[in-house]
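# Residue-level structural notes
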Amino acid sequence: MTESFPRLHARTRRFTLGVPRNFTISPDGGRVTFLRTRSGTDPVTCLWELNVASGAERLVVDPLALGAADEDLPPEERARRERSRESAGGVVAYATDREVRRAVFALSGDLYLTDLASGGARRLPAAGPVIDPRLDPTGARVAYVTGGALHVLEIATGTDTLLAGPEGDLVTYGLAEFIAAEEMGRMRGYWWSPSGDRLLVARVDESPVTLWHIADPANPDRQPVPQRYPAAGTANAEVTLHVIGLDGARTAVPFEQEYLVTAAWDAHGLAIVTLSRDQRTMRLLSADPDTGETTLLREDTDPAWLDIVAGVPARLSDGRLVWVADADGGHRLVVGDEPVTPPSLQVRAVLDVDGDTVLFQASGEPSEVHLWTYTAGTISAVTTEPGVHSGRRAGGVTLVARQSLDTEGTTVTVGSASINSLAERPGLEPRVSLVRAGSRELSTAILLPSWHVPGSGPLPVLMDPYGGPHAQRVLSARRMFLESQWWAEQGFAVIVADGRGTPGRGPAFEREMLHDFTISLQDQVDALQGAAALHPGDLDPSRVAIRGWSFGGYLAALAVLRRPDVFHAAVAGAPVTDWRLYDTCYTERYLGHPDEGHYERSSLLGDAEKGDAEKLERPLLLIHGLADDNVVAAHTLRLSSALLAAGRPHTVLPLSGVTHMTPQEVVAENLLLLQLDFLRKSLNITG
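Residues numbered from 1 in each chain as written. Predicted model: local features only at pLDDT ≥ 70, side-chain atom pairs only at ≥ 80, totals over all residues. Heavy atoms only, no water.

## Re the overall build of the protein chain
The test is simple: Strands here mean DSSP runs of E at least two residues long; helices mean DSSP runs of H or I at least four residues long; both are numbered from the N terminus. Buried residues are those whose accessible area, probed at 1.4 Å on protein chains only, stays under 20% of the maximum for their type, while exposed residues exceed 50% and partly exposed ones sit between those limits. We call two residues contacting when some pair of their heavy atoms lies within 4.5 Å. All tallies of charge rest on Lys and Arg as positive and Asp and Glu as negative; His and the ends of each chain are not included. A single reference atom marks each charge: NZ on Lys, CZ on Arg, CG on Asp, CD on Glu.
On a plain count of helices and strands, the protein chain comes out with 11 helices and 44 strands. Seen along its three principal axes, the alpha-carbon backbone of the protein chain occupies a region of about 70 × 55 × 55 Å. The proportion of buried residues among the 687 residues of the protein chain is 58%. Pairs at least 24 apart in sequence give 60% of the contacts found in the protein chain among residues at least 6 apart. Across the protein chain, the 63 positively charged side chains and the 88 negatively charged ones have centroids separated by 3 Å.

## Observations regarding the packing of aromatic side chains
What counts here: Each pair of aromatic rings taken from Phe, Tyr and Trp, with Trp reduced to its six-membered ring, is defined by centres within 6.5 Å and is described as stacked if the planes are under 30 degrees apart, edge-to-face if over 60, and tilted in the remaining cases. Throughout this description, the term charge over a ring refers to an Arg CZ or Lys NZ atom that lies within 6 Å of the ring centre and within 35 degrees of the ring normal.
A complete count under the given rule lists 23 aromatic pairs for this structure. Ring geometry for Phe517 versus Trp579: centroids 4.4 Å apart, planes at 50°, classification tilted. Placement of the pair is Phe517 in the loop between α5 (507-511) and α6 (519-534) and Trp579 in the loop between β42 (569-573) and α8 (584-591), with a sequence separation of 62 residues. On the basis of relative accessible area, Trp579 is assigned to the buried category, the value being 1%. For the pair Tyr586 and Tyr590, a centre-to-centre distance of 5.1 Å together with 70° between the ring planes defines the contact as edge-to-face. Of this pair, Tyr586 and Tyr590 both sit in helix α8, four residues apart, which is roughly one turn of that helix. What makes Tyr586 buried here is its relative accessible area of 7%. An aromatic cluster is defined as three or more aromatic residues linked by ring pairs; in this entry it consists of Trp305, Tyr466, Phe517, Phe551, Tyr554, Trp579, Tyr582, Tyr586 and Tyr590. A cation over an aromatic ring shows up here: Arg505 above the ring of Phe509, its NZ or CZ 4.3 Å from the ring centre.

## A short note on the side chain of Asp526
Here Asp526 lies in helix α6. Every residue in contact with Asp526, bar those within four places of it in the chain, is listed here: Gly438, Ser439, Arg440 and Leu442.

## What about the pattern of salt bridges?
The following threshold applies: By convention in these notes, a salt bridge is any Lys or Arg side-chain nitrogen within 4 Å of a carboxyl oxygen on Asp or Glu.
Overall, the coordinates contain 46 salt bridges when judged by the stated rule. A salt bridge links Glu49 to Arg58; the nearest nitrogen and oxygen atoms lie 2.7 Å apart. Members of the salt-bridge network, linked through shared partners, are Glu77, Arg80, Arg81, Asp132 and Arg134.

## Structural notes on the packing of helix α4 (residues 482-489) against helix α11 (residues 665-682)
Defined as follows: Convention adopted: a line fitted to C-alpha atoms gives each axis, helices being fitted over their contacting stretch, and angles between N-to-C directions are expressed from 0 to 180 degrees. We call two directions roughly parallel when the angle between them is under 35 degrees, roughly antiparallel when it is over 145, roughly perpendicular when it lies between 65 and 115, and oblique otherwise. Left-handed describes a crossing whose near helix is turned anticlockwise from the far helix by less than a right angle; the clockwise case is right-handed.
Where α4 meets α11, the axes come as close as 12 Å, and the angle between the chain directions of the two elements is 40°. Considered as vectors, α4 and α11 are oriented oblique to each other. In the crossing of α4 with α11, the sense of the turn from one axis to the other is right-handed. Between α4 and α11, the residues in contact are Glu483, Trp486 and Trp487 and Leu672, Leu673, Gln675, Leu676 and Leu679, respectively.

## Some thoughts on the pairing of strand β24 (residues 294-301)
What counts, and what does not: Any two strands with at least two DSSP-identified bridges between them are counted as paired.
Direction of pairing for strand β23 (residues 281-287) relative to β24: antiparallel, over a ladder of seven bridges. The residue of β24 that forms the bridge with Met282 is Asp300. Counting the residues that bridge the hairpin from β23 to β24 gives six residues, and of these Gly292 lies at a positive phi of roughly 85°.

## Observations regarding the sheet that holds strand β28 (residues 338-339)
One open sheet accounts for four strands, arranged β25-β26-β27-β28; its pairing is antiparallel. For this open sheet the edge positions go to β25 (314-315) and β28, each flanked by a neighbour on one side alone.

## Overview of the side chain of Arg589
Assignment of secondary structure puts Arg589 in helix α8. Although Arg589 is buried, it forms no salt bridge, and the closest oppositely charged side chain is Glu183 at an N-O distance of 5.2 Å. Here Arg589 is in contact with Glu183, Gln279, Ala304, Trp305, His470, Leu514 and Thr584, once residues within four sequence places are set aside.

## Structural notes on the sheet that holds strand β10 (residues 131-135)
Taken in spatial order, the four strands of this open sheet run β10-β11-β12-β13, and their pairing is antiparallel. Both edges of this open sheet fall to β10 and β13 (160-164), since each of them pairs with a single strand only. Along the sheet, successive strands turn relative to each other by an average axial angle of 25°, direction set aside. Of the strand pairs in this sheet, strand β12 (residues 149-154) and β13 are connected by four bridges, and their pairing is antiparallel. From the neighbouring strand, Val152 faces β13, where its bridge partner is Thr161.

## Observations concerning the nonpolar core
The line we're drawing: In plain words, nonpolar cores are sets of buried Ala, Val, Leu, Ile, Met, Phe, Trp, Tyr and Cys residues tied together by side-chain atoms within 4.5 Å.
Counting residues in hydrophobic clusters, the biggest one holds 88 residues, and the most contacted among them are Trp323, Leu333, Phe360, Phe517, Phe567 and Trp579. The leading source of residues in this core is helix α7 (residues 551-562), at nine residues. If near-sequence neighbours (up to four positions away) are discounted, Leu333 is found in contact with Val322, Trp323, Val324, Glu338, Pro339, Val340, Thr341, Val347, Val350, Val358, Phe360 and Tyr374. Of all hydrophobic cores here, the second largest spans 30 residues; its members include Val474, Trp486, Ala569 and Leu672.

## Section: the pairing of β23
Among the seven residues in β23, five count as buried, and that is most of the element. Where strand β22 (residues 269-275) meets β23, six bridges bridge the pair, whose relative direction is antiparallel. Counterpart to Ile272 in the pairing with β23 is Leu285. Between β22 and β23, which follow one another and run antiparallel, lie five residues, and Gln279 among them has a positive phi close to 60°.

## With respect to empty space enclosed by the protein
Formally: Residues are said to line a cavity or pocket when one of their atoms sits within 4 Å of a point; the points come from a 1 Å grid over protein atoms alone, cavities being sets where a 1.4 Å probe fits but cannot get out and pockets being open sets with protein on both sides within 12 Å along at least five of seven lines. Grid points are joined across faces, edges and corners, and a volume is the space filled by probe spheres set on the points. Classification convention: Asp, Glu, Lys, Arg as charged; Ala, Val, Leu, Ile, Met, Phe, Trp, Tyr, Cys, Pro as nonpolar; all other residues, Gly among them, as polar.
All told, the structure shown has one cavity of 30 Å³ or more when counted by the stated rule. In this model, the largest cavity occupies a volume close to 100 Å³. Around the largest cavity sit Glu177, Phe178, Ile179, Glu206, Val209, Arg228, Pro230, Asn236, Ala237, Val239, Glu258 and Tyr259, which together line it. Residue composition of the lining of the largest cavity, grouped by class: seven nonpolar, one polar and four charged.

## Quick word on helix α2 (residues 75-83)
Inspection of α2 places Glu77, Arg80, Arg81, Glu82 and Arg83 among the buried residues, and these make up the whole buried set. Where α2 is buried, its residues meet β5 (89-90), β10 and α3 (178-183). Of the residues one or two after α2, Arg85 is the one with positive phi, at around 60°.

## Some details on helix α10 (residues 634-645)
Operational definition: Helix span, as expected, comes to 1.5 Å for every residue beyond the first. Working definition: the arc comes from the directions between the helix axis and the C-beta atoms, pointing outward to the latter.
Between its first and last C-alpha, α10 extends 16 Å over 12 residues, near the 16 Å set by a 1.5 Å rise per residue. Within the span of α10, buried status applies to His635, Thr636, Leu639, Ser640, Ala642 and Leu643. The buried residues of α10 all sit within an arc of 165° when viewed along its axis, so they share a single face. Pointing more than 90 degrees away from the buried face of α10 are the exposed residues Leu644 and Ala645. Those residues of α10 hidden inside the fold are in contact with α7, α9 (605-608), β43 (620-625) and β44 (651-655). One or two positions beyond α10, positive phi appears at Gly647, with a value near 75°.

## Considering the environment of Arg618
In this structure, Arg618 sits in the loop between α9 and β43. Separated by 537 residues in sequence, Arg618 and Arg81 place their C-alpha atoms 37 Å apart. Each residue touching Arg618, except ones within four places of it in the same chain, is listed here: Val560, Pro564, Phe567, His568 and Ala569.

## Some remarks on unusual backbone geometry
In this structure, Pro313 follows Val312 across a cis peptide bond, with omega equal to 10°. Among the secondary structure elements, Pro313 is positioned in the loop between β24 and β25. For Phe15, which is not glycine, the phi dihedral falls at a positive 65°. Inspection of the secondary structure assignment puts Phe15 in the loop between α1 (5-11) and β1 (21-25). In this structure, Asn22 takes a positive phi of about 55° despite not being glycine. By the secondary structure assignment, Asn22 is in strand β1.

This is the structure:
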């Protein structure tokens, strides 16, 4: 390896380039289309196809061959990529017809169609820069959004029809609103009918949402970017649903609850899932596309909150409902009205329904994610080797993507064939042990330098968590710990711990986060003490640092503010410092409405204003991208102002033009090096 790890880590987008993804299996199980860049350092994503019988791969679409070397993306597409954390370019998404014979995609705002058999791609005429194109199931038409309007293009004739145009600048048709994309995993705003003769379309009106401005202080000649941001306790966008025919005929599909979670339209009918503002009631509704009348099929309730699970609702071939619900202490797969998995198996997502077979992800041990099938009353394990697995299934063929601690990167198999990963080798091997640490037996990873001899002397400690709800760091996958191992090689004992609120251990463990984010700090202390007990003499409790990004940044700042007796330095990247400034769906799920009185306990601003006896006494580095539209820079700036007013020294590193993802190569590389320098100086580490 000729490049340093920080540079390679940045160039490879954290070693995600070159990894195959976004798989689609043809109905006969004979072909798999997928996305992959041409190397582990190439950021341009191409469309490929695998012949399952022969194992041969074929390049279908190369954006460079289409003359799209430099992307010119419309603002809506940039926002979509930020919401989906997409760091590559090229063909980053595609949609096929039912038979997987044709595919459409957007490239630099242009609309393209490819015939998957011949591999030829051609540009189709469009009314403007294209967002989210999707073929109808028959492959005869493609719908797309431009300028907030939904269009349908007849491929054979080139006839373009405006189905729904916005009535104002703050109205869109066919796009997901900010909350749906950022917090609910819904990246789409329209769905084709099975026959391709009409669509279910979301109309989004952002006029009730508070107007914010994202400024660029490094370029004062530029106008601030206006953004409608639904902060906790304020109004969300108004979302309504309409069935729209190809002739423009429109039928409203009313629903009562605040959030549209998802929709599904298949041979068994049209269904929508909605969620109340407090997220304690979820409804599954069937809808009559002719009249818009809805019928309640299922209502789930929970005194804390309900989880949104990917892949449901779905149907078996006989029409029985496939769902995931909490029962008897577990996230369970439900078929019809009956839970079919044991409470000890935590179902994470439904990946596919192939006739009468359901393919789903689930965990027994929280650090592992396995594939299972349900068929005719029987659940069967598809994967058994330790690791983190995902997959797809169609035509009786199952695709398995596996990451593990004993192999580099991602391996993808389809029957006897495999899809190659072209990811770069990181040049270091995580020396990680997965343990249960502390009084709560928290899932914890401990990483030591490769050159360290146990018992040879105590190492400074770096806690490296995310720590927040709905996100896991401690997984049996090597890629999860590459950056942590680099830190270990710099002379740290690195500890990564998943506290209460993280998935994989059941609803009760997750819901302990209710109304109090600060329990995540208690769990980090518990994990630290547990790890020290497992490695006596190897961890130095007098030199403990913590770093994190987003919720992890909040947790890092919280650590030095509230537990300076344990933590001696912190790097807080893009931290949420005042939860009133974060969005409705995420924040209210855990802390409730601001009027309920649960926000002060979890806010960092009050800590900054405490008396001299409780002042900040540990080094704190705050890092924030000034173009961040998710956790806006106001979080860091308000905390810094409060600390400054109270005379508490700290360091702020503003990143001009950088969003929440920090995708820029030079920025990502130097951020690691600057953090290392800060922590070495703060902990008096030499050599």
